[in-house]
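Remarks on the overall topology
Chain residues, written in single-letter form:
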Amino acid sequence: MLSVVENCFSPRTAAFFDLDKTVIAKSSTLTFSKSFYQGGLINRRAVLRTAYTQFVFMAGGADHEQMEKMRAYLSALCKGWNVQQVREIVAETLHDLIDPIIYDEAATLIEEHHTAGRDVVIVSTSGAEVVEPIGELLGADRVVATRMVVGDDGCFTGEIEYYAYGPTKAEAVKALAESEGYDLARCYAYSDSVTDVPMLESVGHPHAVNPDRALRREATLHEWPILVFNRPVRLKQRLPAFSMPARPALVAAAAVGAAAVTAGLVWYASRRRATAALPG
């Protein structure tokens, strides 16, 4: 349980949350992949070409070089996607797909941080067209996410304007602290991935949530708290315990990032293998 409420004379503080496997039980973009495929945004040729790479990524085994290659390929794959279509797909399926996979423990933490007077900020490598509405659903005050360049025709150009990954997340946290007046020494951060160590190190109260093997080692070394979240629950089932603030998320990014395509391709590849295994 978090401690005392911030008093009005204290510097402002915030709690920074990674999204996938930290606040929600799955990849945020994987959850929408079926809808992306049905909307014609993902084709079979692309699925077959990248299935193994996506598996490595989702299993947490991709190193920095592999991530960079994947980012370049998947940003090219997104080229031509209509941004409005993506937004509509996410809006139509948000509550049905995301609400059931929010960790009860994470929702409780978000509520406690708000009660203590702290802002809640979602910082995710996934794209803002996915992360923004999830942040709003959760009552987050701000969202930092990957954003891609959008052309005059309303479609992604294939270029990445901002990639919220690794050290870049830490830079975003520090920039927000400067602009919003957060005292980072009194702020909190939560993540499941070793790639977010720079973000965790930038605050006074870092926490490892469902950590991968490498992050568990780092957390043990630095004596960071290790949390286990394992109770996905619909927000409606938590009421009145969880009350989402009326304030909308203030978004610091606006596009579907590489992780969106990655997760979508993994879903379709596994679906295709399962279908092929059925008797004819």
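Here goes a summary of the coordinates provided. (Residues numbered from 1 in each chain as written. Predicted model: local features only at pLDDT ≥ 70, side-chain atom pairs only at ≥ 80, totals over all residues. Heavy atoms only, no water.)

1. So, the overall build of the chain
Test applied: The helix and strand labels rest on DSSP assignments: H or I over at least four residues marks a helix, E over at least two residues marks a strand, and numbering proceeds from the N terminus. Partly exposed describes any residue whose relative accessible area lies between the buried limit of under 20% and the exposed limit of over 50%, with all areas from a 1.4 Å probe on protein chains only and scaled to the type maximum. Here, two residues are considered to be in contact whenever any of their heavy atoms come within 4.5 Å of each other. Residue exposure ignores everything except the shown protein chains as possible cover, and the areas themselves are Shrake-Rupley values with a 1.4 Å probe.
Tallying secondary structure elements over the chain gives 11 helices and 8 strands in all. Within the chain, the fraction of its 280 residues that count as buried is 52%. Long-range pairs, those at least 24 residues apart, make up 71% of the contacts in the chain with a sequence separation of at least 6. Counting only carbon and sulfur atoms, one obtains 53% of the accessible surface of the chain, whose full area is about 13,200 Å².

2. Comments concerning the environment of Val144
Within the fold, Val144 resides in strand 3 (residues 142-150). Val144 gets classed as buried once you look at its relative accessible area, which sits at 4%. Sequence separation between Val144 and Val173 is 29 residues; the distance between their C-alpha atoms is 8.8 Å.

3. Focus on the pattern of salt bridges
Worth spelling out the cut-off: We define a salt bridge as a side-chain nitrogen of Lys or Arg found within 4 Å of a carboxyl oxygen belonging to Asp or Glu.
Scanning the model with the defined rule gives 10 salt bridges in all. With a closest N to O distance of 2.5 Å, Arg12 and Asp119 form a salt bridge. On the criterion of sequence distance, the pair formed by Arg12 in the segment before strand 1 (14-17) and Asp119 in strand 2 (residues 119-127) is long-range, its members being 107 residues apart. Counted as one network, the salt bridges with shared partners bring together Arg12, Asp119, Arg142 and Glu180.

4. Concerning the pairing of strand 6 (residues 205-209)
To keep it simple, the criterion reads: Following DSSP output, two strands are said to pair if at least two bridges run between them. For crossovers, right-handed means that the path from the first strand over the helix to the second runs clockwise, given strands pointing away from the viewer.
Counting buried residues in strand 6 gives 4 out of 5 residues, a clear majority hidden from the surface. Pairing of strand 5 (residues 188-191) with strand 6, which is carried by 4 bridges, proceeds in the parallel orientation. Looking at strand 6, one finds that Tyr190 is bridged to His207. Examined bridge by bridge, strand 6 and strand 7 (residues 226-227) share 2 bridges and lie parallel to one another. Across the sheet, Ala208 pairs through a bridge with Ile226, a residue of strand 7. The parallel pair strand 6 and strand 7, bridged by helix 9 (residues 213-222), forms a crossover whose chirality is right-handed.

5. As for the pairing of strand 3
Where strand 2 and strand 3 come together, 5 bridges link them in parallel fashion. The residue of strand 3 that forms the bridge with Val123 is Val144. Of the crossover connections in this fold, the one passing from strand 2 over helix 6 (residues 128-138) to the parallel strand 3 is right-handed. Relative to strand 4 (residues 156-162), strand 3 is paired through 3 bridges, and the arrangement is antiparallel.

6. What to know about helix 4 (residues 83-98)
The line we're drawing: For a residue, the bend is simply the angle between two axes, fitted respectively to the seven-residue segment ending there and the seven-residue segment starting there. By the criterion applied in these results, polar contacts are pairs of N or O atoms within 3.5 Å in which, for protein atoms, one can donate a hydrogen and the other can accept it, and in which residues neighboring in sequence qualify only through two side-chain atoms.
Of all the bends found along helix 4, the most pronounced is centred on Glu92 and spans about 40°. Looking at helix 4, one finds that the buried residues are Val83, Val86, Ile89, Val90, Thr93, Leu94 and Ile98. On its buried side, helix 4 packs onto helix 1 (33-38), helix 6, strand 3 and strand 4. In this structure Asn82 caps helix 4, since a side-chain oxygen of it lies 3.1 Å from the backbone nitrogen of Gln84.

7. Description of the nonpolar core
Stated formally: Nonpolar cores were defined as sets of buried Ala, Val, Leu, Ile, Met, Phe, Trp, Tyr and Cys residues, with membership established by side-chain atoms within 4.5 Å.
Formed by 42 residues in total, the largest nonpolar core has its most connected members in Phe17, Val23, Phe36, Ile98 and Ile122. Not counting residues up to four positions away in its chain, the partners in contact with Ile98 are Ile24, Ser28, Thr31, Phe32, Thr93, Ile134 and Leu137. Residues Ala164, Val173, Leu184 and Val203 belong to the second largest nonpolar core, which totals 23 residues.

8. Section: the packing of helix 4 against helix 6
Here is the rule: Orientation is described by axes fitted as lines to C-alpha atoms, over the contacting stretch for helices, and by angles from 0 to 180 degrees between their N-to-C directions. By definition in this entry, angles of less than 35 degrees are roughly parallel, angles greater than 145 are roughly antiparallel, angles of 65 to 115 are roughly perpendicular, and the rest are oblique. Should the near helix be turned anticlockwise from the far one by less than a right angle, the crossing is termed left-handed; should it be turned clockwise, right-handed. Under the grouping applied here, Gly and all other residues not named as nonpolar or charged are polar, the nonpolar ones being Ala, Val, Leu, Ile, Met, Phe, Trp, Tyr, Cys and Pro and the charged ones Asp, Glu, Lys and Arg.
Their axes nearest at 9 Å, the elements helix 4 and helix 6 cross at an angle of 40°. Considering their axes alone, helix 4 and helix 6 lie oblique with respect to each other. Our pair here, helix 4 against helix 6, has a crossing hand that is right-handed. Only Glu129, Val130, Pro133, Ile134 and Leu137 of helix 6 make contact with helix 4, whose side of the interface consists of Val83, Val86, Arg87, Val90, Leu94, His95 and Ile98. Of the residues in the contact of helix 4 with helix 6, the class split is 9 nonpolar, 1 polar and 2 charged.

9. Observations regarding the packing of aromatic side chains
What counts, and what does not: The pairing test for Phe, Tyr and Trp rings, Trp by its six-membered ring, is centres within 6.5 Å, and the orientation test on the planes gives stacked under 30 degrees, edge-to-face over 60, and tilted for anything in between.
Applying the stated rule across the entire model yields 4 aromatic pairs. Each ring, one from Phe17 and one from Tyr190, has its centre 4.6 Å from the other, and the planes form 15°; the classification is stacked. Of this pair, Phe17 sits in strand 1 while Tyr190 sits in strand 5, placing them 173 residues apart in sequence. Just as Phe17 is buried, Tyr190 falls in that class too. Centre to centre, the rings of Tyr163 and Tyr165 are 5.5 Å apart; their planes meet at 25°, and the pair counts as stacked. The class of Tyr165 is buried, set by a relative accessible area of 12%.

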